[in-house]
Amino acid sequence: MDTFALVVTIGVALFFTYTNGFHDSANAIATSVSTRALTPRAALVMAAVMNLAGAFLGSGVAKTVSEGVIETPAGDGGMAILFAGLVGAIVWNLVTWYFGLPSSSSHALFGGLVGAALAGGITVFWSGVLEKIVVPMFLSPLVGMGLGYLVMAAIMWLFRRANPGRAKRGFRIAQTVSAAGMALGHGLQDAQKTMGVVVMALTIADVQESNEIPLWVKIASAGMLSLGTYAGGWRIMRTLGRRIIELDPPQGFAAETTAASVMYTASFLFNAPISTTHVITSAIMGVGATKRVSAVRWGVAKNIVLGWFITMPAAAAVAGLCYGLVVLLS
């Protein structure tokens, strides 16, 4: 096995994690920044630290990625498949970042892996794709929207007699906790996805036989995710924080608490790699609908949802083309 190919593939995987960080940093902090609960720089520092911590909380999602999506390919062709899958995900991340569209880095990765596997003639575990990716892709936004609505409705009822100004000040403080919980969940989910890919690369290269995650892989993945988060994702932050609905502190707290709860449940109970983007976006929609249905800018929401549906096929197509180029040039 070519050591250079292994090093390049791991490097590309870590760069994907970096793009994931700046692409998805908005997930954790957009609501807190838009409600002025945190300054942008303070929010980014907090998100980076909590992403780093979250990456060490478990390994179930990483094992799902390394075992449950595609067959672990063998030889140089297998490394080319991983490389092409990662490139497909990175390209889609950069395109959606440029246009400020909060698409899912997770589904870009899965789409890239599936597209490259199909192009390379490797077995795709369609049952795993359906159970671990497609079903959560549809279910988690529905849960996020419904739970966001219920949490916000409960807050409105519990604080119906509270002084509005005092309540908002209190929720601004509470948002520092809910935003930290959101960032911790993002690290728990998204750093593990890259860990799973790196473990696949190490297995292909015969560097290790088990699916255990080496400590250096955890540190590298978590570190790159945190660096990307600190770099910021201001375009997407504007979409989540302002364009869907004008958020106030109680709404921001409700959306962040909802999203964090869904991510922890998916990670610890089901080992399901869900999209943090899908969950927080749908939670914001559900929270906003308690004010009045028309308060949510459904035109913007529709464009975001369309982005969800095209992410996997688009990343798969780019990955397939990339694999063809790699084979042609090798």
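Residues numbered from 1 in each chain as written. Predicted model: local features only at pLDDT ≥ 70, side-chain atom pairs only at ≥ 80, totals over all residues. Heavy atoms only, no water.

We now examine the nonpolar core. The biggest cluster of nonpolar side chains holds 52 residues, and the ones touching the most others in it are Ile70 and Val197. The element that contributes the greatest number of residues to this core is helix α4 (residues 75-98), accounting for ten residues. Residues contacting Ile70, with those up to four places away along its chain left out, are Ile81, Leu113, Val114, Ala117, Thr123, Val124, Phe125 and Met200. Within the second largest apolar cluster, 18 residues are counted, among which are Ile155, Ala254, Val279 and Ala283. (Core = buried A, V, L, I, M, F, W, Y, C linked by side-chain atoms within 4.5 Å. Buried < 20%, exposed > 50% of the residue type's maximum accessible area, 1.4 Å probe, protein only. Helix = DSSP H or I, 4+ residues; strand = E, 2+ residues; numbered from the N terminus. Contact = heavy atoms within 4.5 Å.)

According to the stated counting rule, one finds two salt bridges in the structure shown. For Lys63, the salt bridge goes to Glu212, with nearest N and O atoms at 3.7 Å. One end of the pair, Lys63, is in helix α3 (residues 60-68); the other, Glu212, is in the loop between α7 (164-204) and α8 (215-231), with 149 residues separating them in the sequence. As a salt-bridge pair, Lys193 and Asp190 come within 3.1 Å of each other at their nearest N and O atoms. One end of the pair, Lys193, and the other, Asp190, are both in helix α7, three residues apart, so they sit about a helical turn from each other. By relative accessible area, Lys193 is classed as buried at 1%. According to the relative accessible area criterion, Asp190 is buried, its value standing at 0%. (Salt bridge = Lys/Arg side-chain N within 4 Å of Asp/Glu carboxyl O.)

We now examine the layout of surface pockets. The calculated volume of the largest pocket comes to roughly 290 Å³. Elements with a minimum of two residues in the lining of the largest pocket: α6 (126-158), α7 and α10 (249-270). Of the residues forming the lining of the largest pocket, the biggest block, four residues, is contributed by α7. The residue inventory of the lining of the largest pocket, partitioned by class, reads nine nonpolar, three polar and four charged. As a volume, the second largest pocket reaches approximately 240 Å³. Taken together, 13 residues make up the lining of the second largest pocket; nearest its centre are Leu139, Ser140, Ala266, Phe270 and Ile274. For the lining of the second largest pocket, the secondary-structure elements that each account for two or more residues are α6 and α10. Looking at the lining of the second largest pocket element by element, the count peaks at six residues for α6. By residue class, the composition of the lining of the second largest pocket is nine nonpolar, three polar and one charged. (1 Å grid on protein atoms, 1.4 Å probe; cavity = no way out; pocket = protein on both sides within 12 Å on 5 of 7 lines; lining within 4 Å. Points joined across faces, edges and corners; volume = space filled by probe spheres on them. Nonpolar A, V, L, I, M, F, W, Y, C, P; charged D, E, K, R; others polar.)

What follows concerns the environment of Val114. Residue position: Val114 is located in helix α5 (residues 105-120). Spatially, the C-alpha atom of Val114 lies 6.6 Å from that of Val124, the residues being ten residues apart in sequence. Excluding anything up to four places from it in sequence, Val114 contacts Val69, Ile70, Val124, Trp126 and Val129.

Spatial relationships are all this shows, so hold off on functional conclusions.
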